[in-house]
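# Geometric and topological summary
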Amino acid sequence: MTTQTVPRRAADRRTVRAARWSATHPWRAVALWLVFVAACIAVGNAVGLQQQSTDHATGQSGRAAQWIDDAKLSAHDSENVLVTSRSGRLDAARASAALHAVIGRVSRLHHDVLRVGPPITSPDGQARTVAIVLTDHGNVDPVLAATAAVQRQFPNLRVEQVGSVSMNDAVNNQVAGDLSAAATFSLPVTLVIMLIAFGAIIAAGVPLLLALSSVGAATGLSSLVSHVIPDSGSTSAMILLMGMAVGVDYSLFYVKRARAERHAGRSTLDSIELAAETSGHSVLVSGAAVIVSMLGLFLAADVTFASLAMGSIVVVAVAVLGSLTVLPALLMLLGKRIDRPRVPVLWRWTMHDREPRLWPAMLRPSLRHPARTLVIAVLALGAVALPALSLTLASDSAQSLPTSIAEKQTFDRLNAAFPNHQASTEIVVQAPAVRAAAVSRSLVGLRARLAHDPHYVGSGQLRGSRDGTVHVLTVDAPYDPESAQARAAVGRLRADAVPHAVGGIPDAHWAVGGETARNIDTDQHMADHLPWVIGFVVLLTMAIMAWVFRSFAIAVGTAAMNLLSAGAAFGVLVLVFQHHWAEPLLGFHSTGKVINWIPLFTFAVLFGLSMDYHVFVLSHIREARSNGLSTADAVRTGITRSAGTVTSAAVVMVSVFAIFASLHMIEMKELGLGLAVAVLVDALVVRIVILPAFLMLLGRRGDRHRAAAVPATGEGLLVSQ
């Protein structure tokens, strides 16, 4: 069967020129790519990774943290050693001996330990703990070693340690282990999918190798970028996630088209140039759309989003560059050898010329009854998206950590035994030094009033800077930091207690900070910036589609379809993570909420990634229409011919995202599942049902709107001019 092509009216496209140069200078192109990847990795290793090291809270909590840091009043990191019984009641004598053994060992660590608090017994007598305050430059590892030594000395007791430093180290180790597992599993899974798609080992390996090299180069470049935008700690995970997804997809589109044209009888160079003009152009547009979507995250004015967005932008840009430069060179060097060694059954399956039955059957309702099909499909996706209306967001906290982290289990036991010190709030007052006495008196009075308030426990700790310009009162609430009660307690402090106490002091400024206050401010900050991010992403992607396809209707339709996919993904997130039924399936503990940054980030990523399929499919339809086919035949031919490639690409993305959904950290589970659902809906429902029905309705609008639909001249809606 002869493959019809778009006329070479765009032979001067940059994608074609780049492919032609690479194909005619293949060894030089490959060498330049290898030098580029090696240089990126070398530069990244040389400059090192700059991670976020300061408190980036916003609002009042941000000001409070900044004042505390400037006044050098930041509390020292502390660790708690907890002694409990492994079974039955706690032996008080042995527990006391174990705790004193810990105190004796850590007290000798003068470089790492600033002081050791007194032993404390829980109200029920079943747990004992001691607080260990670290020095500014202290290392937690010797303290952990001392605790482990005492644990070996008292095997019948549970001697554990948890604190901000050890918990952070444990989380980092868990993330590193998860990323290693994700990379280990994603490679063979992707290779198997590529083998099914191509039926030949070399053809299957080319997209995988290009994706891996893109991830490597982007990882090195991200280290360099981190000195401008500090790394969030999750940027490497995002680079791996996006790099494997788009890197394989872009190469798959290109290789599939070039190989199909070569099998149709064209020379290797001609097939590469035609692939560059069609699939290469789609890759360029899709990459631009992903980058534009990621740029929208900068409007969130959040350093973590900025880091994740920058990592995604870098890896997508590198993947596009590799697909348009080194990939044509590899195709020229390999020639017919790209189809070797062949996997017998898979090869015959991928190369058969029979007209597929599945895709035309799935397309039939959209082509015959487009209005009815469109309404039913939209209502179905709307029903899936309906639970998103009850979406509840929360900041990630120790409560959301997986139980696979031993320190998380210790943290839970510590909070269960000593429930009165969970949500700490810092009341910070900044005033001229001459007002120090008045500020101190006011805060002492406030502390006395809060001591009789059932929403707070303890007397509260008051400390001041050496120059007397900053005072900090720390109070505790007997609630989980993310609970509604803790948030209400912060709200009362901000609305009434603190203004009443210090509002009358001239030139005094105050702010309420702490973990709960930071979460409140972060949630509000995201809510304030969410419309700007959504508006930017939607409008810019619409502009790209309008420019590429010269159709405002296509641009609006694209935005609406992407919103449907996003809504369905958010609905599934609510159904899974705000309820308990899926806990055994995915291995997590539901907090009844979704991590607050997941929906916004998923939305931006989805709008970018969905352009892969949208542009690719529409380009095939436009190509068929330009060859004189009717609207229905062009839609049927374009979608049928692209369905195999789109399905393979979608399976790759869904597989990579599903692997992330199987990891331990709940934010990775939510991100992986949300993106997997969105891509699946986008590839199967939107592209096979909604898009063809939408195009058929446009094609029936009549001669008056023909220029915005599918003109008989072949220009306008589906043909880029």
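This text gives an overview of the structure that appears in the document. (Residues numbered from 1 in each chain as written. Predicted model: local features only at pLDDT ≥ 70, side-chain atom pairs only at ≥ 80, totals over all residues. Heavy atoms only, no water.)

### Overview of the overall build of the protein chain
What counts, and what does not: Put simply, DSSP marks the helices as runs of H or I at least four residues long and the strands as runs of E at least two long, and each gets a number from the N terminus on. Computation of the radius of gyration draws on C-alpha atoms, with the globule rule given as 2.2 Å multiplied by the number of residues to the power 0.38. Three labels apply to residues, based on accessible area from a 1.4 Å probe with only protein chains included: buried if under 20% of the type maximum, exposed if over 50%, partly exposed otherwise in between. Contacts: residue pairs with any heavy atoms within 4.5 Å of one another. Method for areas: the Shrake-Rupley scheme with a 1.4 Å probe, in which residue coverage is limited to the protein chains shown.
Per the secondary structure count, the protein chain includes 23 helices and 11 strands. Relative to a compact globule of 721 residues, whose C-alpha radius of gyration would be 27 Å, the protein chain shows 30 Å and is just as compact. By its C-alpha atoms, the protein chain is 85 × 55 × 50 Å across when sized along the principal axes. Split into buried and exposed, the 721 residues of the protein chain put 54% on the buried side. Partitioning the contacts of the protein chain with sequence separation of at least 6, the portion at a separation of at least 24 is 79%. Within the structure as shown, the protein chain displays about 29,900 Å² of accessible surface, and the carbon and sulfur contribution to it stands at 61%.

### A look at the packing of aromatic side chains
In plain terms, the rule: Side-chain rings of Phe, Tyr and Trp (the six-membered ring for Trp) are treated as a pair once their centres are within 6.5 Å; stacked means planes under 30 degrees apart, edge-to-face means over 60, and tilted covers the remaining angles. Both a distance and an angle decide whether a charge sits over a ring: NZ of Lys or CZ of Arg must be within 6 Å of the ring centre and within 35 degrees of the ring normal.
Applying the stated criterion across every chain yields a total of six aromatic pairs. When the ring of tryptophan 33 is compared with that of phenylalanine 36, the centres are 5.5 Å apart and the planes differ by 40°; the resulting orientation is tilted. Linking tryptophan 33 with phenylalanine 36, this pair stays in helix H2 (residues 26-47), spanning three residues, or about one helical turn. Residue classification places phenylalanine 36 among the partly exposed positions, given a relative accessible area of 26%. Seen from their ring centres, phenylalanine 577 and phenylalanine 588 are 4.9 Å apart, and the 50° between their planes marks the pair as tilted. On the criterion of sequence distance, the pair formed by phenylalanine 577 in helix H19 (residues 552-577) and phenylalanine 588 in the loop between helix H20 (583-586) and strand E11 (594-595) is long-range, its members being 11 residues apart. Side by side, phenylalanine 577 and phenylalanine 588 carry an identical accessibility label, which is buried. What links up through ring pairs into an aromatic cluster is the set Phe305, Trp597 and Phe601. Looking at lysine 256, its charged tip hangs above the ring of phenylalanine 198, at a distance of 5.6 Å from the centre.

### Let's talk about unusual backbone geometry
In this model, arginine 340 is joined to proline 341 through a cis peptide bond whose omega is -25°. Turning to its location among the elements, proline 341 is positioned in the loop between helix H11 (326-334) and helix H12 (344-351). With a phi angle near 60°, aspartate 507 is a residue other than glycine that sits in the positive phi range. Relative to the helices and strands, aspartate 507 is located in the loop between helix H17 (484-502) and strand E10 (509-514). Judged by its relative accessible area of 53%, aspartate 507 is exposed.

### Regarding helix H13 (residues 358-368)
For clarity, the cut-off: This arc is built from the directions going out from the helix axis to the C-beta atoms.
Restricting attention to buried positions, one finds in H13 the residues Trp359, Pro360, Leu363, Ser366 and Leu367. For H13, the arc enclosing every buried residue in end-on projection is 115°, short of the 170-degree limit, so these residues lie on one face. The outward face of H13, more than 90 degrees from its buried face, is lined by the exposed residues Leu358 and Arg368. Buried residues belonging to H13 abut helix H14 (370-385), helix H22 (631-661) and helix H23 (666-699).

### Some words on a nonpolar patch on the surface
Going by this rule: Without a salt bridge and with relative accessible area above 30%, a residue can belong to a patch; like charges are then joined within 9 Å and nonpolar side chains (Val, Leu, Ile, Met, Phe, Trp, Tyr) within 5 Å. For this document, the term salt bridge refers to a Lys or Arg side-chain nitrogen within 4 Å of an Asp or Glu carboxyl oxygen.
A cluster of nonpolar side chains, namely Val43, Val47 and Leu224, defines an oily patch on the protein surface of about 200 Å² accessible area. Examined against the element boundaries, valine 43 turns out to sit in helix H2. Looking at valine 43, the relative accessible area reads 35%, which means it is partly exposed.

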